[in-house]
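Structural overview for review
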Amino acid sequence: MNKIEHIPTVCPYCGCGCGIELVLKNGEIAGVEALRSHPVSRGKNCLKGRNAYLYAYSDQRLKAPLVKKNGKHEECSWDEALDLVAQKLAAAEKDGAGFINSGKCLNEDLFCFQKFARIIGKTNNLDNASRFCHSTTVPALVSTVGAGVMPTSTLSIEKSDCILLMGANIQETYPLLAEKVILARSRGAKIISVDMRKTPTVKNLTDLHLQIYPATDTLLINGIMKIILEEGLEAKDFINNRTSGIDELKAYLDTLSLQEIEKVTGVGTDKIKTAAHVYADAHNACILFNAGIAQHANGIETIQALADMALLKGNYGKPGTGVCPLRGHSNGEGFGDMGTVPVFYPGFQRVGEETAARFASLWDVSDLPDKPGMSYMDMIEKCRVLYIMGANPAMSAPDINGLKKKLGNKEFVIVQDLFMTETAMMADVVLPAASGAEKNGTQTCVDRRVQRVRKAIEPRGQSLPDWKILCLLAQKMGAGEYFSFNSSEEIFEEIRRCVPQYHGISYERLARSGGIQWPCPDESHPGTETMFVEKFGTSDGLAHFQVAPYKEPLEMPDDSYPYILTTGRVEYHFHSGSMTRHTKRLQNEISEAFAEISICDSEKTGIPDGGAIVLKSRRGEVRTRARVTSDIKEGQVFLPWHFPDCLANILTGPCADPPSKMPEFKFSAIKIEKVESNGK
């Protein structure tokens, strides 16, 4: 008789945090069912969620450690691999090693990773993929409301009267969040979408589409606020009682011309006024934004302007309101919470002498680094030794040609992953990690909801959970006493002690719920659905309006490179594709890249639909096929970045100045060349 088991867990893809059940037949996964009782997904899953286990069974999984010998990777024992890694890390000079991680890892993995870097590596050289997603979000929202997180619950979005989507194609990239927007709309909510393309979200969910010229979002939002103030539509009591800085903002907005805003943004004044009134008339308005505005060098200013607009109408501290960043990874909130960044210890405790001393006491060590570390691209540039856990910079970082040269010049590169990724191919040692279906732990989704991830099957081959690899390596380096964990729950208990926001969350409580939203200060606390109800996260408890001027992108089109390239995701794939491209059902839907170009540009260049083309920027070139569409304006090109045969990030760059150091993923100057029938 067959033995059937149902293991409740969380989808490993986007930041929605949907519940799934892995259905086991005789100890192996036979399928996925939606978790009907789950508060987020409510018995539904998207295409990726319904196939959320297949990558774990790919025959391309890494099943043993690999060491590069004479230019080729060869299987070896764990002892040999870890001895070599320990030797190279121990030999690294002060701040000579960098530690790069991923939001695909669980909280327990990430906590151990940053602890390892700080105790053994004695460095704050820690960063992750959020550098390429929300490094603009955190400084923008910290400066305005005191915290760079979603201030509400995804469940309460259904209560919004107006939802403004900024660069967020949620129907393809956050399908279950789109369900909440659809429900709000069915109840009368108005949906505004600001996007350079006519995405499926625009076509199917939106009442008002502002098809903006790329990277001019800041100016558009300033225009909307100008109208709100000029017509006296602002929330005066809220502004007087809970904010500061309104006079400076008013003075700046008075200098702007709506005619000039129309000229620069490409959005007509009438549409801007309509958007202002739709937003201002709503009792509860919510702003959802994603990489479409965050992945710009001027992203900080745009997100500050969004926060200003929400404050102008009192849209904070109530369910279904606020400015809400959409995290791309399944644990996109968790890797910030766990302190795997160069400027924060766990719990967003800022790097400094006081924080270092606090954690030295918690961990019973004598010395911890108290100066900010290097960011992602600085580590790629400057560190001689790199330890990369779950990340794939050889596909996800900007200017890939330049990045590969830098990786090739490193003294030693360690990659810890499920697959032989494009980055792993360049590593000196590759360590096989267990998938989310093969380990226990927690992850924290987009609305600060901490949830249990449960082991369903044994790790493939010799692969191990990330945290266990780090514990074994710590033993090799004489620091095993600080990593004497026997289970993920033991690690989480330490997380609770170190992270104030998690104090009241436990595995036992999570087993009885569909997740708990932090902050949760004690075990009697239910968690926090809505933040900033009484005061903001700033030192004085007030929100601070910021003057956010429009800045041009770092690289503008010219005669040599006349087109604007933006990159993004498609429904069937996820980020660098290391999981979805190993899932045949998803890979078979879209297996190769394409570039969307306008009908006008097709006619002007003679490039037909499906025609072979070369896209060139100042950093390199890629070959792909044209997809001619009316969904994009003349002079603009959209290219998905999931496919290794067409590495979109060969074309992208450069990076902004501190504090964000955000690459210009969404705005690169390129040219298009038609490939003739002879292939030239």
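Remember, predicted model here, so these are calculated numbers, not experimental data.

Regarding the domain arrangement of the chain
- The domains assigned to the chain are domain 1 (4-57), domain 2 (66-132 + 330-342 + 350-441 + 456-498), domain 3 (137-325) and domain 4 (563-674).
- Measuring from the centre of the C-alpha atoms in domain 2 to the corresponding centre in domain 4 gives 30 Å.
- In this assembly, 19 residues from domain 2 lie in contact with 23 residues from domain 4.
- Together, the buried faces of domain 2 and domain 4 total about 1,700 Å²; carbon and sulfur atoms form 63% of this surface.
- Considering only the surface of domain 2 that becomes buried against domain 4, Arg131, Met395 and Phe419 emerge as the three largest contributors, covering 31% of it.
- Where domain 2 packs against domain 4, one counts 1 salt bridge.
- Between glutamate 422 and arginine 581 there is a salt bridge whose closest N-O contact spans 3.6 Å.
- Listed by contribution, the elements that provide at least two residues to the side of domain 2 that touches domain 4 are α17 (376-382), α18 (393-396) and α19 (400-408).

Remarks on the packing of helix α8 (residues 217-230) against helix α11 (residues 258-265)
- At their nearest, the axes of α8 and α11 sit 10 Å apart, and the two run at 155 degrees to each other. With respect to α11, the element α8 is oriented roughly antiparallel. Where α8 crosses over α11, the handedness of that crossing is left-handed. Facing Leu219, Leu220, Gly223, Lys226 and Ile227 of α8, the residues of α11 in contact are Leu258, Ile261, Val264 and Thr265.

Overview of unusual backbone geometry
- The residue after tryptophan 518, namely proline 519, is reached through a cis peptide bond having omega 0 degrees.
- Tracing the sequence through the fold places proline 519 in the loop between β21 (516-517) and β22 (543-544).
- Positive phi, normally seen in glycine, also occurs at aspartate 399, with a value near 50 degrees.
- As for its placement among the helices and strands, aspartate 399 is situated in the loop between α18 and α19.
- Phi is positive for arginine 448, close to 70 degrees, though the residue is something other than glycine.

Parameters at a glance
- Residues numbered from 1 in each chain as written.
- Predicted model: local features only at pLDDT ≥ 70, side-chain atom pairs only at ≥ 80, totals over all residues.
- Heavy atoms only, no water.
- Domains from an automatic or database assignment.
- Contact = heavy atoms within 4.5 Å.
- Buried area = accessible area lost by both parts, 1.4 Å probe.
- Salt bridge = Lys/Arg side-chain N within 4 Å of Asp/Glu carboxyl O.
- Helix = DSSP H or I, 4+ residues; strand = E, 2+ residues; numbered from the N terminus.
- Axes fitted to C-alpha atoms, helices over the stretch in contact; angles between N-to-C directions.
- Parallel < 35°, antiparallel > 145°, perpendicular 65-115°, else oblique.
- Left-handed = near helix turned anticlockwise from the far one by under 90°.

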